[in-house]
There are 2 protein chains.
Amino acid sequence: MKAILLLSGGMDSLVTTAIAQQAGFELAAMHVNYGQRTMQRELNSFRAICSHYSIQQRLEINADFLGKIGGSSLTDLSMPVSVANLESHAIPASYVPFRNAGFLSMAVSWAEVIGAERIFIGAVEEDSSGYPDCRKIFYEAFNRVIELGTKPETHIEVVTPLIALKKWEIVRKGIELHAPFAFSWSCYKNEGQACGVCDSCALRLRAFEQAGMEDPIDYETRPHYIDC
Amino acid sequence: MKAILLLSGGMDSLVTTAIAQQAGFELAAMHVNYGQRTMQRELNSFRAICSHYSIQQRLEINADFLGKIGGSSLTDLSMPVSVANLESHAIPASYVPFRNAGFLSMAVSWAEVIGAERIFIGAVEEDSSGYPDCRKIFYEAFNRVIELGTKPETHIEVVTPLIALKKWEIVRKGIELHAPFAFSWSCYKNEGQACGVCDSCALRLRAFEQAGMEDPIDYETRPHYIDC
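Quick caveat: nothing in here was measured; it's all calculated off a predicted structure. (Residues numbered from 1 in each chain as written. Chains lettered and ligands numbered in written order. Predicted model: local features only at pLDDT ≥ 70, side-chain atom pairs only at ≥ 80, totals over all residues. Heavy atoms only, no water.)

Here we come to the UniProt feature "binding site: ATP" in chain A. All names here are of chain A. In this structure's numbering, the residues bearing the UniProt feature "binding site: ATP" are L7, S8, G9, G10, M11, D12, S13, L14, V15, T16 and T17. Following the sequence through the fold, M11 ends up in helix α1 (residues 11-22). M11 gets classed as buried once you look at its relative accessible area, which sits at 2%. When residues no more than four places from it in sequence are discounted, the contact partners of M11 are K167, I170, V171, F181, S184, S186, R204, A207 and F208. Residue placement: S13 occurs in helix α1. Under the relative-accessibility criterion, S13 is labelled buried at 6%. Filtering out sequence-adjacent residues up to four positions away, S13 remains in contact with L6, L7 and S8. (UniProt positions renumbered as here; feature names shortened; annotations may be inferred. Helix = DSSP H or I, 4+ residues; strand = E, 2+ residues; numbered from the N terminus. Buried < 20%, exposed > 50% of the residue type's maximum accessible area, 1.4 Å probe, protein only. Contact = heavy atoms within 4.5 Å.)

Here you go:
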């Protein structure tokens, strides 16, 4: 069975790729450039991960209208990328309005054309940034939209293998599956060395610490996010 | 209250605009270029209709990835635009896979940023081409996705004022509201004179005939689609 991976190049989508590959799916990978600050770095990660897993069928999408629409510190350069506050439950300024619905819609369009029946997305609900479009209930509702909005003979379903995992469990899973973490990129802010202090770096560093593993990528600064 | 119009420039989105304006909404209009054959002509219609209704807040989106994905005679130049068969119940080759979900997702992203609470789309279920993403049930499911996938303080809803109307009723409604049909464009195939024989022209011509009105745009050929 053919599956589409939504592959940003971050650690979650990397581990999702490893899981889908191990499960025996024929893989096609999709990446979206949407005017985010670290666009080129993420694209490089996407390509490196695809090559690692020998994924030939790839789609690189230009969705710079999301940058034009703005409303997020990831795409609006006048909004600063905030330093992480892992205790807060507010939706952070990095939230890109309704982005995941847009990405899933693109993936479903492609799935209808290439005959894929599964769409893998590395969304994490339990231990995440608090984005509304990373919740299991959102993906269940989206699957209903797919069922109703596609040709009756198609059977396309979004799957979220990481949704209920803690971030450290994702690291462990990746290590177990020999996922090449060195190729992945999570930082919201920098393209050279990861900043180590944005929400995404903080969640990643804490996850590696909690998993008792060393993150192989390079950081500008590498704070501790758990008590030792 | 602010509302976003999904305005392709066809007769349905034109009449939807007229309805939303009459209802007193503050209007913002969005148009998507997606590599469709009549892209330039539709864009001209969008702009003319916006000017007619004095809509200042406009967003023109480039979504040419839909053309790249293909799967439709509207975007894939190697697939012919078929001559209409208004008796058929099959999904026609002009169906662009899951397009409306993509357009709605973009509109919701924009709505979150500009504070719009309604999204108007001129989808028609009763008397249409049989596209799965033009059914009321699809929009109901999409509204659930919006509710779950946006910030909790937002209240965005897709509304479909034409969904249960016959096409001739849409013509009548447009005439009643003085909608400038001469500015609208429906043909799937041509940018100069409308072809008169594609699905979209056939539905439009039949609608004007049934409404007992003359369509003011120019046709290459103007067949009768109802018995006189």
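Let us keep going from here.
Another point: the sheet that holds strand β2 (residues 26-33) of chain A. Residues and elements named next belong to chain A. With parallel pairing, five strands are arranged side by side in an open sheet as β3-β2-β1-β4-β5. The outermost strands of the open sheet, each flanked by one partner alone, are β3 (57-62) and β5 (157-159). The mean angle between the axes of side-by-side strands here comes to 25°, regardless of whether they run parallel or antiparallel. Packed onto the sheet, α1 meets β1 (2-6), β2 and β4 (118-120) and runs at close to 170° relative to β1. Set on the sheet, helix α4 (residues 99-114) makes contact with β1, β2, β3, β4 and β5; between it and β2 the angle comes to about 140°. (Pairing = 2+ DSSP bridges. Axes fitted to C-alpha atoms, helices over the stretch in contact; angles between N-to-C directions.)

A separate point is the interface of chain B and chain A. Counting residues at the interface gives 38 residues for chain B, matched by 39 residues for chain A. Around 3200 Å² of area is buried between chain B and chain A when both sides are counted, 74% of it from carbon and sulfur atoms. Across the contact surface, chain B and chain A share zero salt bridges. Where the side of chain B that touches chain A is concerned, the elements lending two or more residues are β3 (57-62), α3 (65-69), α4 (99-114) and α5 (136-149) of chain B. Among the residues forming the side of chain B that touches chain A, the class breakdown is 23 nonpolar, eight polar and seven charged. (Buried area = accessible area lost by both parts, 1.4 Å probe. Salt bridge = Lys/Arg side-chain N within 4 Å of Asp/Glu carboxyl O. Nonpolar A, V, L, I, M, F, W, Y, C, P; charged D, E, K, R; others polar.)

Below, the discussion takes up the nonpolar core. Judged by nonpolar contacts, the single largest core of 104 residues is most densely connected at I4, M30, I119 and F142 of chain A together with I4, M30 and I119 of chain B. With near-sequence residues (within four places) excluded, M30 of chain B lies in contact with I4, L5, L6, L7, F46, L59, I61, F103, M106, A107 and W110 of chain B. (Core = buried A, V, L, I, M, F, W, Y, C linked by side-chain atoms within 4.5 Å.)

Whether parallel or antiparallel, the strands of a sheet pair through hydrogen bonds between backbone atoms. All names here are of chain B. With parallel pairing, the five strands of this open sheet are ordered in space as β3-β2-β1-β4-β5. Whereas interior strands pair on both sides, the edge strands pair on one side only; in this sheet they are β3 and β5 (157-159). When strand polarity is set aside, the average angle formed by the axes of neighbouring strands in this sheet is 25°. With five bridges connecting them, strand β1 (residues 2-6) and strand β2 (residues 26-33) associate as parallel partners.

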